Amino acid sequence: MFYRDYKLFNKDDYLQDLNYVDWNTKLNNLNNNINRTTNDIIKTIEEISNKHMPVKEVPHSKLKQFTKPWITNGILKSIKTKQKMYYTHFFSNDSNKIKQYKIYSNKLNKIKSINKRNYYNTQFTKCKNNMKATWKIIGTLIKHKSNGIQYPTQIIRNNYSYTKKKDIANQLNQHFVTVGPKLANSLGTSNEDPCKYIHNSPVSSFIMSNVSEYQVQCLFNALDKNKASISLPNTLITMASPILSPLFTMIYNESINTGIVPDILKISRVTPIFKSEKATNPNNYRPISTLSPFAKVLERLVYDQLELFLSKKKVIYEYQFGFRKGYSTEQAILEISDNIKTSIDNNETTCGLFLDFSKAFDTVNHQILLSKLYKSGIRGIQLAWFSDYLTNRFQYVKIGNVESDLLKITCGIPQGSTLGPLLFILYINDIPNCSKKLSFRIFADDTNIFYSSPSIDEIERVMNEEFNHILQYCIINKLSINYKKTNLFIINLQIKKHVI
């Protein structure tokens, strides 16, 4: 385990070093080479941050305090005393010494228990109005058997076994960047235009406006201090926001005006998290991506403007409940249940098909996405920006202190990004248009399809006919249906009470 040592950190010295840098000279070449300028500025900030808050390996003696934060220095000393007493007292033939050891051990266990309870009481009090944070704490208290392995010690890929950390990291990275393209290519090809399902396109185009220093500083200040980031902790960026905001306002505006996203902001770090089953199978690891905080702020600035445009033009399908302000899973469930109840009241049977896509974000084709963005009103320099945002992206896998080689991402939506979810719902925004008879209710990539009729025979005929249209849509748009997780159900009057 590694941590940033802040014991000798001095905020004034840190800010003073940042102020001493001649940022104007570094920004002189911004108009000619945004990539080199952005890279130079971020590397300079990293060097200063590492000087004042260096990254160190957690010593073995302090490991318990990092995994169990309620363990204090006093408890650590008591644990060492208990370990000594184990040999001098517990193994002795003196009954009094054995009794002393047991009394000391019991008292220590009691103190540890009290400290642990007090620690979690404090944590729950701090986030009593934050349900997400509360459940995160509960998750640390519940020990799942499936989470026993965090990092793999062996990976088997292409019938070859890898045990060295560097090899494991490289193999996992290759697996993560190729799984999407392989799945997309296995779907076959189609000569049909993917945009044929888009029936309405905004006349006016989306135009990105320049951002202000105030906007950038607010987003720097709003960075989550508890979330991981690449190279720099969010705390140091927030602390230096008055100094950094003017610099990155210029960089962000240059990016918006030229349609170029700095390459350093397109690198992601992937942490493999074990899910279940065989730990040697790369398919059983979930890639968790982490981006640069500077990239997240740029994406948020673009996201806010794009989301406002899409909302005003009513571009997004009205029954898409995922990744949208004012929409939630509760609303999706209520909408579906109300429609089913109405059908039951009308003496109709309802057939529901719950589609699940395999690696939905990973199989997104960039050219298809860009053509759909154009149809959605994103044109000109704005479309060039999104094109550059999607291309020349790289990622690496990190296992402990070992990093894999950088690999290029050729397919899919950047996961862990701010813009990724919005781009994905634009990608599948036209799926309801592949059928004129079926009713669609969507939450991100979870697509729920319904058809109601008094006749079971009609339902069977229509669902089979229309499902062929859905399959055709998926082939054209490079989306793979996961049949193992796709479910179908029938609801009629006989189970009315059960449904309600």
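Residues numbered from 1 in each chain as written. Predicted model: local features only at pLDDT ≥ 70, side-chain atom pairs only at ≥ 80, totals over all residues. Heavy atoms only, no water.

## A short note on the overall build of the protein
When helices and strands are counted, the protein shows 18 helices and 15 strands. Reported as C-alpha extents along the three principal axes, the dimensions of the protein are approximately 85 × 70 × 50 Å. Taken across its 500 residues, the protein has 45% of its residues classed as buried. In the protein, the proportion of contacts linking residues at least 24 apart, taken out of those at least 6 apart, comes to 74%. About 27400 Å² of surface is accessible on the protein, with carbon and sulfur atoms providing 51% of the total. (Helix = DSSP H or I, 4+ residues; strand = E, 2+ residues; numbered from the N terminus. Buried < 20%, exposed > 50% of the residue type's maximum accessible area, 1.4 Å probe, protein only. Contact = heavy atoms within 4.5 Å. Areas by Shrake-Rupley, 256 points an atom, 1.4 Å probe, with all protein chains shown as cover.)

## Regarding the sheet that holds strand β15 (residues 487-491)
Read across the open sheet, the four strands follow the order β12-β13-β7-β15; overall the sheet is antiparallel. Looking at strand neighbours, the two that pair on one side only are β12 (439-443) and β15, the edges of this open sheet. The mean angle between the axes of side-by-side strands here comes to 15°, regardless of whether they run parallel or antiparallel. Sheet topology note: the β12/strand β13 (residues 446-453) ladder contains five bridges and is antiparallel. Its bridge partner lying in β13, Ser 439 is registered against Phe 450. Against the sheet, helix α17 (residues 456-476) touches β7 (349-355), β12 and β13, its axis set at about 25° to β7. (Pairing = 2+ DSSP bridges. Axes fitted to C-alpha atoms, helices over the stretch in contact; angles between N-to-C directions.)

## So, the state of the cysteines
In the structure shown here, the tally under the stated rule is zero disulfides. Not engaged in a disulfide, the cysteine Cys 474 finds its nearest cysteine sulfur in Cys 434; these two sulfurs lie 7.5 Å apart. (Disulfide = S-S within 2.5 Å.)

## Description of the nonpolar core
Grouped together as the largest cluster of nonpolar side chains are 90 residues, with contacts concentrated most on Phe 220, Phe 248, Tyr 252, Phe 294 and Phe 386. With residues near it in sequence (within four places) discarded, Phe 220 still touches Ile 237, Thr 238, Ser 241, Leu 244, Ser 245, Phe 248, Tyr 252, Phe 294 and Val 297. Formed by eleven residues, the second largest nonpolar core is a distinct cluster that contains Ile 168, Leu 172, Val 270 and Ile 399. (Core = buried A, V, L, I, M, F, W, Y, C linked by side-chain atoms within 4.5 Å.)

## Concerning the pattern of salt bridges
Scanning all chains against the criterion turns up eleven salt bridges. One salt bridge in this structure joins Lys 266 and Asp 263, with 3.3 Å as the shortest N-O distance. By relative accessible area, Lys 266 is classed as buried at 1%. Relative accessible area serves as the criterion here: at 29%, Asp 263 is assigned to the partly exposed category. Connected through shared salt-bridge partners, Asp 263, Lys 266 and Asp 388 make up one network. (Salt bridge = Lys/Arg side-chain N within 4 Å of Asp/Glu carboxyl O.)

## A look at helix α3 (residues 34-52)
Helix length check: α3 (19 residues) gives 27 Å between terminal C-alpha atoms against 27 Å at 1.5 Å per residue, within 8%. Regarding α3, the residues found buried are Ile 34, Thr 37, Thr 38, Ile 41, Ile 42, Thr 44, Ile 45, Glu 46, Ile 48, Ser 49 and His 52. With a side-chain oxygen lying 3.3 Å from the backbone nitrogen of Asn 35, the N-terminal cap of α3 falls on Asn 33. (Expected span 1.5 Å × (residues − 1). Polar contact = N/O pair within 3.5 Å; in protein donor to acceptor, adjacent residues only side chain to side chain.)

## A short note on the environment of Leu 236
By secondary structure assignment, the location of Leu 236 is in helix α10 (residues 234-239). Sequence separation of Leu 236 and Ser 161 is 75 residues, and the distance between their C-alpha atoms is 41 Å. In contact with Leu 236, other than residues within four places in its own chain, are Phe 9, Tyr 14, Ser 49 and Met 53.

## Let's talk about the pairing of strand β9 (residues 393-399)
The element β9 is largely enclosed, with a buried count of five among its seven residues. Across four bridges, the pairing between strand β5 (residues 267-274) and β9 is parallel. Opposite Ile 267, over in β9, you have Phe 394 as the bridge partner. Bridge count for β9 against strand β11 (residues 407-409) is three bridges, and the pairing is antiparallel. Along β11, the bridge assignment pairs Phe 394 with Lys 408. Examined bridge by bridge, β9 and strand β10 (residues 402-403) share two bridges and lie antiparallel to one another. In the sheet register, Ile 399 faces β10, and the bridge partner there is Val 402. Between the antiparallel neighbours β9 and β10 lie two residues, among them Gly 400 with a positive phi of about 65°.

## A closer look at a nonpolar patch on the surface
A cluster of nonpolar side chains, namely Tyr 86, Tyr 87, Phe 90 and Phe 91, defines an oily patch on the protein surface of about 440 Å² accessible area. Residue classification places Tyr 87 among the exposed residues on the basis of a relative accessible area of 61%. (Patch = residues over 30% accessible without salt bridge, like charges linked within 9 Å, V, L, I, M, F, W, Y side chains within 5 Å.)

## Observations concerning the confidence of the model for the protein
Here the protein averages 87 in pLDDT, while 94% of its residues score no lower than 70. This stretch, residues 144-149, has a pLDDT under 50; its non-local contacts, to residues over four places away or in other chains, come to six contacts. Here residues 495-500 scores under 50 on pLDDT; set against residues more than four positions off or in separate chains, the count is seven contacts. (pLDDT = per-residue confidence, 0-100.)

## Description of the pairing of β7
With six of seven residues buried, β7 lies mostly within the body of the structure. In terms of strand pairing, β7 meets β13 through seven bridges, oriented antiparallel. Each bridged residue has a counterpart across the sheet, and for Phe 354 the counterpart in β13 is Asn 448. Across five bridges, the pairing between β7 and β15 is antiparallel. Bridge pairing links Leu 353 to Leu 488 in β15.

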